[in-house]
4 protein chains.
Amino acid sequence: MLKVGIVGASGYTGVELTRLLVNHPGVELVVATSRQHAGRKLSDVYPNLRGLTDLVCEDVVLEQLVDRADLFFTAVPHQTAMNIVPAFLEAGKKVVDLSADFRIDDASVYEAWYQTHIAQEYLAEAVYGLPELNRVAIAKARLVANPGCYPTSIILGLAPLLKHRIIDAGTIIADCKSGTSGAGRGAKQATLYCEVTEGFKAYSVGSHRHTPEIEQEIAKLAGNPVKMSFTPHLVPMVRGILSTVYGTLLKDVSQQEVDEMYQDFYRDEKFVRPCSPGTFPATQFVRGSNYCDIGLHVDTRTKRIVVVSAIDNLVKGAAGQAVQNMNLVLGFEESMGLHVVPLFP
Amino acid sequence: MLKVGIVGASGYTGVELTRLLVNHPGVELVVATSRQHAGRKLSDVYPNLRGLTDLVCEDVVLEQLVDRADLFFTAVPHQTAMNIVPAFLEAGKKVVDLSADFRIDDASVYEAWYQTHIAQEYLAEAVYGLPELNRVAIAKARLVANPGCYPTSIILGLAPLLKHRIIDAGTIIADCKSGTSGAGRGAKQATLYCEVTEGFKAYSVGSHRHTPEIEQEIAKLAGNPVKMSFTPHLVPMVRGILSTVYGTLLKDVSQQEVDEMYQDFYRDEKFVRPCSPGTFPATQFVRGSNYCDIGLHVDTRTKRIVVVSAIDNLVKGAAGQAVQNMNLVLGFEESMGLHVVPLFP
Amino acid sequence: MLKVGIVGASGYTGVELTRLLVNHPGVELVVATSRQHAGRKLSDVYPNLRGLTDLVCEDVVLEQLVDRADLFFTAVPHQTAMNIVPAFLEAGKKVVDLSADFRIDDASVYEAWYQTHIAQEYLAEAVYGLPELNRVAIAKARLVANPGCYPTSIILGLAPLLKHRIIDAGTIIADCKSGTSGAGRGAKQATLYCEVTEGFKAYSVGSHRHTPEIEQEIAKLAGNPVKMSFTPHLVPMVRGILSTVYGTLLKDVSQQEVDEMYQDFYRDEKFVRPCSPGTFPATQFVRGSNYCDIGLHVDTRTKRIVVVSAIDNLVKGAAGQAVQNMNLVLGFEESMGLHVVPLFP
Amino acid sequence: MLKVGIVGASGYTGVELTRLLVNHPGVELVVATSRQHAGRKLSDVYPNLRGLTDLVCEDVVLEQLVDRADLFFTAVPHQTAMNIVPAFLEAGKKVVDLSADFRIDDASVYEAWYQTHIAQEYLAEAVYGLPELNRVAIAKARLVANPGCYPTSIILGLAPLLKHRIIDAGTIIADCKSGTSGAGRGAKQATLYCEVTEGFKAYSVGSHRHTPEIEQEIAKLAGNPVKMSFTPHLVPMVRGILSTVYGTLLKDVSQQEVDEMYQDFYRDEKFVRPCSPGTFPATQFVRGSNYCDIGLHVDTRTKRIVVVSAIDNLVKGAAGQAVQNMNLVLGFEESMGLHVVPLFP
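Residues numbered from 1 in each chain as written. Chains lettered and ligands numbered in written order. Predicted model: local features only at pLDDT ≥ 70, side-chain atom pairs only at ≥ 80, totals over all residues. Heavy atoms only, no water.

Peer 1: Help me understand the packing of helix 7 (residues 149–163) of chain A against helix 9 (residues 210–222) of chain A, please; the structure alone is not making it clear to me.
Peer 2: How two helices pack is summed up by the angle between their axes together with the distance between the axes. Residue and element names in this part refer to chain A. The interhelical angle for the contact between helix 7 and helix 9, taken along N-to-C directions, is 20 degrees, at an axis separation of 10 Å. By the angle between their directions, the pair helix 7 and helix 9 is classed as roughly parallel. Both helix 7 and helix 9 take part in a crossing whose hand is right-handed. The segment helix 7 lies against helix 9, with Cys 149, Tyr 150, Pro 151, Ile 154, Ile 155, Leu 158, Ala 159, Leu 162 and Lys 163 engaging His 210, Glu 213, Ile 214, Glu 217, Ile 218, Leu 221 and Ala 222. Along the lines of polarity and charge, the residues of the contact of helix 7 with helix 9 split into twelve nonpolar, one polar and three charged. (Axes fitted to C-alpha atoms, helices over the stretch in contact; angles between N-to-C directions. Helix = DSSP H or I, 4+ residues; strand = E, 2+ residues; numbered from the N terminus. Parallel < 35°, antiparallel > 145°, perpendicular 65-115°, else oblique. Left-handed = near helix turned anticlockwise from the far one by under 90°. Contact = heavy atoms within 4.5 Å. Nonpolar A, V, L, I, M, F, W, Y, C, P; charged D, E, K, R; others polar.)

Set out below in structure tokens:
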């Protein structure tokens, strides 16, 4: 069994990684760090894990950590990641980084949206970890930049259209809705139950940091630079992202042609499920799983296409995709440990 | 005291009308019909009303109803409304109709999206009941077509931009999110708690019946015919609609100019609250009230503007606006009985 | 118009007091304090209040506050209240205190469950503010100790049974369930949306601080000291307390006798609604209102009675009852400003 | 691979059985019946199952069904079960029946709470399927009566206390709270999202049909007949039962003694997790899993003990326990296919 560790195990992404890894047949989870909870059993921090792991959270002491596993998941905030990832790489370890720090190819773009980047020398080799598009490169990588949750849903939703030049990439509007688990387990007034439930709002309108990541990957698919509108919203639910993406058609195309295009494009993918023609996804049908469900509507009235994609932000949008990337990096079958049936109801 | 009646009192719109009318200082609610619950006390059907009304639901027998009140709210499904509204008008009564039957000016458009219209002779005199835009006409009307919930949020959100020719009406995309109360109290699997909670989905993509209503009113504001994209979504909450509306700018305009434009446009409106610059609405802050809150983002990167508007679909999107229209029709102060503070948390 | 102020306006009880007071015909809300938000408009802290109040939160400077209103609501935590209430009383003002500091008659009991009491000299004159039982004394009081939310629901539920010696007070078990608004607006991990939604738990089992308050009031009704079991639970909802209370019957009594006993006992009460025989309350039917709904089941199999009572914890359990007390203290009609119809759905 | 079938696959218990069985290493799910959805793919009825099963729902034609599998789960309503279970048994098949029809030993008790029993000849051999108490008998059974959800949580919570004669069984009060999935997927007004969310209520007070089942099993543990109070409540959540159970102590016992008693009693159980001393369970930490978590409070003030137990009603309260029983009946390791980590958040 290969050994893996989680740096930042006490966030929601951390517990989700743990959920998937304790049942993974190919690896053993041997390290879980949490500055806040150092010394506590991880199963006291997350009682759902009682009986499933004996790990005790430990502080992050890089020199003591680097030798204890073959691969590390860094589930820490951006800026923190760039401070610790290099140590693992220099020790010859593989890293799947769940932060934004290694997703943006161009350091100046990163710095315009985030802050100074102090580990730019690793940007060139970091591979954007969307297996459906970058499978081969991921398998050879030692540093995988696990995609953001919103970008995952949008890019998987648009890839066939962009590759086949069906829509004008300059007209893309992505109106996205996310559950609150994306905001993390830190105590904040804005994510209290009483503030979130039975309410709906937009946030970071025109300014969300996933924008350059989405534009970068769309540009690669479209073959030229792209600016797009991206508006995230907060849904009163824990898990799930549903992205409704609009684009203007470049040519006449029928509903049936587009449906078949998606069926073809994703035929061999285990985790992308194009919906039956005329049906659309719902986040509750991917909950807890690594699936991305996609529905399509060709609107001949307005000459636009509407793509609706749904993922569980903590799974395909974070921990599940990270395990999928780990499988590729470590040479396992890509879906190993990810056969989780969506929990409905 | 003038007398009013509700035809269709046992739906969510009906109970909401009752909530507002039992405390209204100018009218007395004297009739509540419900085919399904005829003979039951309305407060048994809706226990929140216990101690507040003694009304007993009665069956709809038009000839017995028409003389018992001065104004009737018809809170019944489309197609049913067109069968009963004429009787009230012919008896010299005023009607605020909450269905879609008298909202579409052009019968052929109505018939393309709904079904045969059997009371077309009333279409010309029916006034579209959005008081902020049609106040004078409503005050003279005997038949007010109370707007749909989605149209209310979209039209109030866009009106200043369209009147001032700031955006290209042909580029409008309205991505809208609604609570489940809009689906009514009828028992349907799709709106069971277990199906809705902790999930999010789009529905009626490209085909929702509010589309022609929105296009009709936008066309009036824009001065020419318009086709727009409208995608409704179902939010796991009871009340509230949040509409995120995108349009391409026709000219350079600053954030400050647009903010001031909205402040000016809605300066004397009691029920429209433009947000402070840089802030955006949330449905939980209009819950239970007749307010429409509007936030704005001028996106110079993409040359688009993003308008976010929020209402309570059962109040400003239905019963509250109906009472506002009633006030105008009956000559009361427009906000009478509508001083309900939004219930938060 | 008499003037009133709220000390501690930025908590959920504070915004709820504001909601009720801005529409109250007899008083003007002139002061709102909040240490955390001093200098901010209250309507920025609570955007639901936009357009309804221009109050700016101010810091608590007692000497500057005491003369500015006739009555003050102290909506602050226990221990804080005892530090500020005396200043208002000494300035000749009336106080409705929403904390626990003046609810317990016996300082030693208070100190056993809370901490040292530094204003014991006011305990004797403080009146326990449950109007249905203490109306006359409240009207004469200058200091009203507004009851806790759980105690309100339990005591109103049990009062007729205890007064009529129907149950053995020593057998009382109160199993209570509350929404999360009772935990306040402070940022705490335990009340994050993701921690609370779709979950249910007990808390403070056998140790909740409302226990001595409930026992004190039950003892007064029963005529002798009482120990009872009280278990609070956290419901994934914002508002509402439902208490299920069990007691062993001291004598044979029929369902009908008990139903009539409650109808008689609460016949003239505007805010207590005994349910129709065979029906039971639900918190959603009192939401936003000052009602307490009560249902009863005489269980001849087990010789026990089950009382189920429901209130909105922020209204009858806090702000609404405080306004009811204010009305009594200031000589207004007891229900003034409290004609709020429960918001359902 | 042994073959299994589900009769009644389109209810929430059916989809949950499917979720567990499609990943079970020892059996193949080969039949799924649903009168309502006959001819539809099960994954169209439950889109979470897309890509995981190709089963098509079929009508229930007993003679065609009985030979197609080795064991059948009957996930149908009571009264329906008694009509179909005998056919499977007579064909030499094993049955795990999830209805109430074979849980009550005494037909007259069954008939007093339900209706006429037409398959009484099978009552004697049906084994009550609570593996933690009846493991040996279950392994030999051909008909297992899978316990009700409430009874499972209550009985597991009380078993150590009753076996060790710590409490007076005549004083037991079980105040239980359940998510709404227990009410099934049928369209009913009472379980609509708008009726359930943000509300809490008791139901079937003093009359719920699980009462005789609980009393029967408690009596076996206590060694004499028992009458107890049982009050179920509806929580605005999908999954989970939390039972708060009160009993009067027969003798002095310390918190530590009771904690150790539970640790001992459940030491070898894979699916019962006594909480750490001083902590209590929450339904969100068992969600989706087969665990039963139990917390304890010895209340020396009132001479009572409070037991709090939590399960997922669809798993340990239905489908998971059914698979656990299947494993015993078919000779598999008892936890096979049930290593599902609770999904939190």
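There's plenty left to go through after this.
Peer 1: Would you mind showing me how to read the sheet that holds strand 9 (residues 229–234) of chain B here?
Peer 2: One key point about sheets: their strands pair by backbone hydrogen bonds, in either a parallel or an antiparallel sense. All names here are of chain B. One open sheet accounts for seven strands, arranged 8-9-7-10-13-12-11; its pairing is mixed. Each having just a single partner strand, strand 8 (201–202) and strand 11 (272–274) make up the two edges of the open sheet. Where strand 7 (residues 173–178) and strand 10 (residues 241–248) come together, six bridges link them in antiparallel fashion. Note that in strand 10 the partner of Asp 175 across the bridge is Thr 244. Packed on one face of the sheet, helix 10 (residues 255–265) meets strand 11, strand 12 (292–299) and strand 13 (304–311) and runs near 160 degrees to strand 12. (Pairing = 2+ DSSP bridges.)

Peer 1: Looking at this structure, how should I read the interface of chain C and chain D?
Peer 2: Many structure descriptions define interface size as the accessible area lost when the parts assemble. Contacts between the two partners involve 49 residues from chain C, matched on the other side by 49 residues from chain D. Of the roughly 3800 Å² buried between chain C and chain D on both sides combined, carbon and sulfur atoms contribute 54%. It is Glu 198, Phe 200 and Arg 301 of chain C that lose the most area in chain C upon contact with chain D, and together they represent 19% of the buried surface on that side. At the junction of chain C with chain D, the criterion picks out four salt bridges. A salt bridge links Lys 177 of chain D to Asp 175 of chain C, with the shortest nitrogen-to-oxygen separation between them at 2.8 Å. At the boundary of chain C with chain D, the tally comes to 28 residue pairs in polar contact (both at pLDDT 80 or more). Every element with two or more residues in the side of chain C that touches chain D is listed here: strand 7 (173–178), helix 8 (193–196), strand 8 (201–202), helix 9 (211–222), strand 9 (229–234), strand 10 (241–248), strand 12 (292–299) and strand 13 (304–311) of chain C. It is strand 7 of chain C that contributes the most residues to the side of chain C that touches chain D, four residues altogether. Of the residues belonging to the side of chain C that touches chain D, the class tally is 23 nonpolar, 14 polar and twelve charged. (Buried area = accessible area lost by both parts, 1.4 Å probe. Salt bridge = Lys/Arg side-chain N within 4 Å of Asp/Glu carboxyl O. Polar contact = N/O pair within 3.5 Å; in protein donor to acceptor, adjacent residues only side chain to side chain.)

Peer 1: Sorry, what's going on with the domain arrangement of chain A here?
Peer 2: Residues and elements named next belong to chain A. With domains assigned, chain A is organised as domain 1 (2–125) and domain 2 (150–312). Distance between the C-alpha centres of domain 1 and domain 2: 27 Å. Each partner contributes to the interface: domain 1 provides 13 residues, whereas domain 2 provides 14 residues. Roughly 1300 Å² of surface becomes buried between domain 1 and domain 2 when both sides are summed, with 48% attributable to carbon and sulfur atoms. If you sort the residues of domain 1 by the area they bury against domain 2, Tyr 12, Arg 103 and Trp 113 come out on top, with a joint share of 47%. The interface formed by domain 1 and domain 2 includes three salt bridges. Summed over the shared surface of domain 1 and domain 2, the number is ten residue pairs in polar contact (both at pLDDT 80 or more). Taken together, the elements giving at least two residues each to the side of domain 1 that touches domain 2 come down to helix 1 (12–21) and helix 5 (107–113). The element contributing the most residues to the side of domain 1 that touches domain 2 is helix 1, with three residues. Within the side of domain 1 that touches domain 2, the residues separate by chemical class into seven nonpolar, two polar and four charged. (Domains from an automatic or database assignment.)

Peer 1: Before we go on, may I ask you to explain the relation of the copies chain C and chain D in this structure?
Peer 2: The relation between the two copies of this chain is a rotation about an axis and a shift parallel to it. For these two chains of identical sequence, chain C goes onto chain D by a turn of 180 degrees and a shift of 0.0 Å along the axis, with RMSD 0.0 Å. Here the transformation between the copies is reduced to the relation of a two-fold axis. Same-surface contact between copies: 100% of interface residues of chain C are shared with the interface of chain D. (Least-squares fit on C-alpha atoms with pLDDT ≥ 70 in both.)

Peer 1: When you look at the relation of the copies chain B and chain A in this model, what are you seeing that I'm missing?
Peer 2: For the pair chain B and chain A, the superposition axis carries a translation of 0.0 Å, the fit reaches an RMSD of 0.0 Å, and the rotation angle comes to 180 degrees. A symmetric contact is evident, with 100% of the interface residues of chain B recurring at the interface of chain A.

Peer 1: What am I meant to see in the nonpolar core here?
Peer 2: General note: in soluble globular proteins, nonpolar side chains tend to be found buried as a group. Ranked by size, the top nonpolar core spans 95 residues in total, and within it Leu 17, Leu 21 and Phe 73 of chain A together with Leu 17, Leu 21 and Phe 73 of chain C carry the most contacts. Excluding residues within four positions of it along the chain, Leu 21 of chain C makes contact with Val 4, Ile 6, Val 27, Leu 29, Phe 73, Val 323 and Met 326 of chain C. If you look at the next biggest cluster of nonpolar residues, it comprises 94 residues, including Tyr 46 of chain B, Val 341 of chain C together with Leu 21 and Ile 138 of chain D. (Core = buried A, V, L, I, M, F, W, Y, C linked by side-chain atoms within 4.5 Å. Buried < 20%, exposed > 50% of the residue type's maximum accessible area, 1.4 Å probe, protein only.)

Peer 1: Looking at this model, I keep getting lost on the state of the cysteines. Mind explaining?
Peer 2: Chemically, a disulfide is nothing more than a covalent bond linking the sulfur atoms of two cysteines. One pass over the structure, following the stated rule, counts zero disulfides over all chains. Take Cys 176 of chain B: it sits in no disulfide, and the sulfur closest to it among the cysteines is that of Cys 149 of chain B, at 9.2 Å. (Disulfide = S-S within 2.5 Å.)

Peer 1: I would appreciate a short explanation of the side chain of Arg 273 of chain D in the present structure.
Peer 2: Turning to its location among the elements, Arg 273 of chain D is positioned in strand 11 (residues 272–274). With a relative accessible area of 6%, Arg 273 of chain D lands in the buried category. Residues in contact with Arg 273 of chain D, not counting those within four places in the same chain, are Pro 47, Asn 48, Leu 49 and Arg 50 of chain A together with Phe 285, Val 286, Tyr 291, Cys 292, Asp 293, Ile 294 and Pro 342 of chain D.

Peer 1: Hey, could you run me through the packing of aromatic side chains in this one?
Peer 2: In this description, a pair of aromatic rings is defined by centroid distance and the angle of the planes. One pass over the full model with this rule turns up 40 aromatic pairs over all chains. Judged by centre distance (6.4 Å) and plane angle (75 degrees), the ring pair of Tyr 12 of chain A and Phe 344 of chain D falls under edge-to-face. Here the residue Tyr 12 of chain A occupies a position in helix 1, and Phe 344 of chain D occupies one in the segment after helix 11 (315–330), the pair thus bridging two chains. Pairing Tyr 150 of chain A with Phe 230 of chain A gives two aromatic rings, centres 5.1 Å apart and planes at 70 degrees, and the pair type is edge-to-face. Of the two residues, Tyr 150 of chain A sits in helix 7 while Phe 230 of chain A sits in strand 9 (residues 229–234), which places them 80 residues apart along the sequence. The burial state of Tyr 150 of chain A is the same as that of Phe 230 of chain A; both residues are buried. Through successive ring pairs, a cluster of aromatic residues spans Tyr 12 and Tyr 46 of chain A together with Phe 285 and Phe 344 of chain D. Just above the ring of Tyr 291 of chain A sits the side chain of Arg 273 of chain A; from NZ or CZ to the centre is 3.8 Å. (Phe/Tyr/Trp six-rings, centres within 6.5 Å; stacked < 30°, edge-to-face > 60°. Lys NZ or Arg CZ within 6 Å of the ring centre and 35° of its normal.)

Peer 1: How should I be thinking about the environment of Leu 192 of chain D in this particular structure?
Peer 2: Along the polypeptide, Leu 192 of chain D turns up in the loop between strand 7 (173–178) and helix 8 (193–196). Along the chain, Leu 192 of chain D and Arg 273 of chain D lie 81 residues apart, while their C-alpha atoms are 33 Å from each other. Ignoring any residue separated from it by four or fewer positions in sequence, one finds Leu 192 of chain D in contact with Tyr 12, Gly 184, Arg 185, Gly 186, Ala 187, Lys 188, Thr 191, Leu 192 and Tyr 193 of chain B.

Peer 1: Honestly, the interface of chain B and chain A in this entry has me stumped. Any pointers?
Peer 2: Taken together, the 49 residues of chain B in the interface contact 49 residues of chain A. Here chain B and chain A share an interface that buries about 3800 Å² over both sides, 54% of which is from carbon and sulfur atoms. Its largest share of buried area at the contact with chain A, chain B owes to Glu 198, Phe 200 and Arg 301 of chain B, together 19% of the area lost on that side. Linking chain B with chain A are four salt bridges. Summed over the shared surface of chain B and chain A, the number is 28 residue pairs in polar contact (both at pLDDT 80 or more). When contributions to the side of chain B that touches chain A are tallied by element, the ones reaching two or more residues are strand 7, helix 8 (193–196), strand 8, helix 9 (210–222), strand 9, strand 10, strand 12 and strand 13 of chain B. Class assignment for the residues of the side of chain B that touches chain A results in 23 nonpolar, 14 polar and twelve charged.

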